Amino acid sequence: MTTAVIAATGLFTPEQSISNAELVEAYNTWAERWNAAHAGQIAEGDVAALTPSSAEFIEKASGIKSRFVLDKAGILDPDRMVPRLAERSNDELSIMAEMAVKAARQAIEAWGKPVSEIGAVLCAASNMPRPYPALAVEIQQALGIEGFGFDMNVACSSATFGLKTAADFIASGSVKAVLMVNPEVCSAHLNFTDRDSHFIFGDVATAVIIESSETAGPGGWDILGTRLKTVFSNNIRNNFGFLNRAEQSSDSPVAAGEVAGGLTDKLFVQQGRKVFRDVVPMVSDMILDHAGELGIAPGGLKRLWLHQANINMNAMIGRKVLGRDPEEGENIIILDDYANTSSAGSIIAFHLHQDGFAAGDTGLICSFGAGYSAGTVFVRRR
């Protein structure tokens, strides 16, 4: 069967960024107001007072120092704590499609071939703006690509699942090239009033062009093997969906001290310690087993482009895979600037850190997250 090649990548980064200090100031102001509004209940012991956050706590817990966002003002407004993203008409390009198109155009320019050679568009992301029409089809139209497109959602692992799907299309001869995009507006599904998670996510979009080795030009990356795994867990969950409006038992307005938009209990939530305990060994074992199947010595991998979830998780996975402490530049971390960008994280790391490779050098693109889900993509410099 025809092998697949990662031919080009693209990245769209929002102009606005929020530092830990700015985020903490907004959260602490909101928490002080909440505590004041619930002072009586706190005094009676019915509810616990909210604890202030700190920039030091965030960096120690996650490795994150800042994050890019589409709207800074709405997030940092203690009266709102939600980004302001204006609704667009059905005739306008949607905001997530716009992000994906910008990343895709960068990838297409780097690729240097006409879009007429692309036969499929996959939009792989942790959240979609609507059930239908598919975001991928909107992106397809905006770029003037024929063929077909569809959306896929496997949370933070969406990009590696998308890469495998694209590689399988290439291997079967269905298409000559695939555009896979990962637009992530993570700030819109994050509860900025939750001290344990308000710092985790940022916004971004990435794009990857995968094509047949028979048509690929010089350069790029041979895909040596792909593997996917899912194990159900409630330890990372987001219950926000179209059924929420039918499930509401009350028509009362949002209570005083809550945030704009309501339904905060339906947003992203995770049991961080449980996730760490479960996912690190699952992913490490998966990588080592897959490498063995492909005849790749894990310790000889030149670079790891892991999902950017938490610096402590990435460090431990890096040690388990390489069998030693990673040297500088081997286990890429972009968390400090981008934070967790869900499916896009490993692709950002790959896009920004491809330097120093000679033909034949190998690396690993790997993602893991809610589901639990995990994907491994071993690549070799052409």
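Here the structure is shown first, and the text comes after it.
Here the structure is a predicted model, which means the values were calculated and not measured.

**Student:** Just checking my understanding: could you explain the overall build of the chain for this structure?
**Tutor:** Each helix and strand in the chain was counted, giving twelve helices and 13 strands. A compact globule built from 382 residues should have a C-alpha radius of gyration of about 21 Å, and the chain, at 21 Å, falls within 12% of that. Once the C-alpha set of the chain is aligned to its principal axes, its extents read approximately 70 × 55 × 35 Å. Sorting the 382 residues of the chain into buried and exposed places 51% on the buried side. The long-range fraction of contacts in the chain, counting pairs at least 24 apart against all pairs at least 6 apart in sequence, stands at 78%. One way to put it: in the chain the 31 positive side-chain charges average out to a point 5 Å from where the 44 negative ones average out.

**Student:** In this structure, what is going on with the state of the cysteines? I would like to understand it.
**Tutor:** Linking two cysteines covalently through their sulfur atoms gives a disulfide. What the rule picks out here adds up to zero disulfides. Cysteine Cys156 shares no disulfide, and the gap to the nearest cysteine sulfur, in Cys186, comes to 7.2 Å. Cysteine Cys366 remains unbridged, with the sulfur of Cys156 as its closest cysteine sulfur at 12 Å.

**Student:** How should the sheet that holds strand β6 (residues 177-185) be read in this particular structure?
**Tutor:** Hydrogen bonding along the main chain pairs the strands of a sheet, whether they run parallel or antiparallel. The strand order β5-β4-β6-β7-β1-β8-β13-β12-β11 describes an open sheet built from nine strands, whose pairing is mixed. Every interior strand has two partners, whereas the edge strands, β5 (148-152) and β11 (303-306), have only one. Going from strand to strand, the sheet's axes swing by 25 degrees on average, the running direction of each strand aside. Where strand β4 (residues 120-124) meets β6, four bridges bridge the pair, whose relative direction is parallel. When the sheet's bridge partners are listed, Val121 is paired in β6 with Leu179. Each of β8 (221-230), β12 (362-369) and β13 (373-381) touches helix α9 (residues 272-294); the most contacted strand, β13, lies at about 40 degrees to it.

Conventions we followed
Residues numbered from 1 in each chain as written. Predicted model: local features only at pLDDT ≥ 70, side-chain atom pairs only at ≥ 80, totals over all residues. Heavy atoms only, no water. Helix = DSSP H or I, 4+ residues; strand = E, 2+ residues; numbered from the N terminus. Rg over C-alpha atoms; globule rule 2.2 N^0.38 Å. Buried < 20%, exposed > 50% of the residue type's maximum accessible area, 1.4 Å probe, protein only. Contact = heavy atoms within 4.5 Å. Lys, Arg positive; Asp, Glu negative; His and termini not counted. Charge placed at Lys NZ, Arg CZ, Asp CG, Glu CD. Disulfide = S-S within 2.5 Å. Pairing = 2+ DSSP bridges. Axes fitted to C-alpha atoms, helices over the stretch in contact; angles between N-to-C directions.

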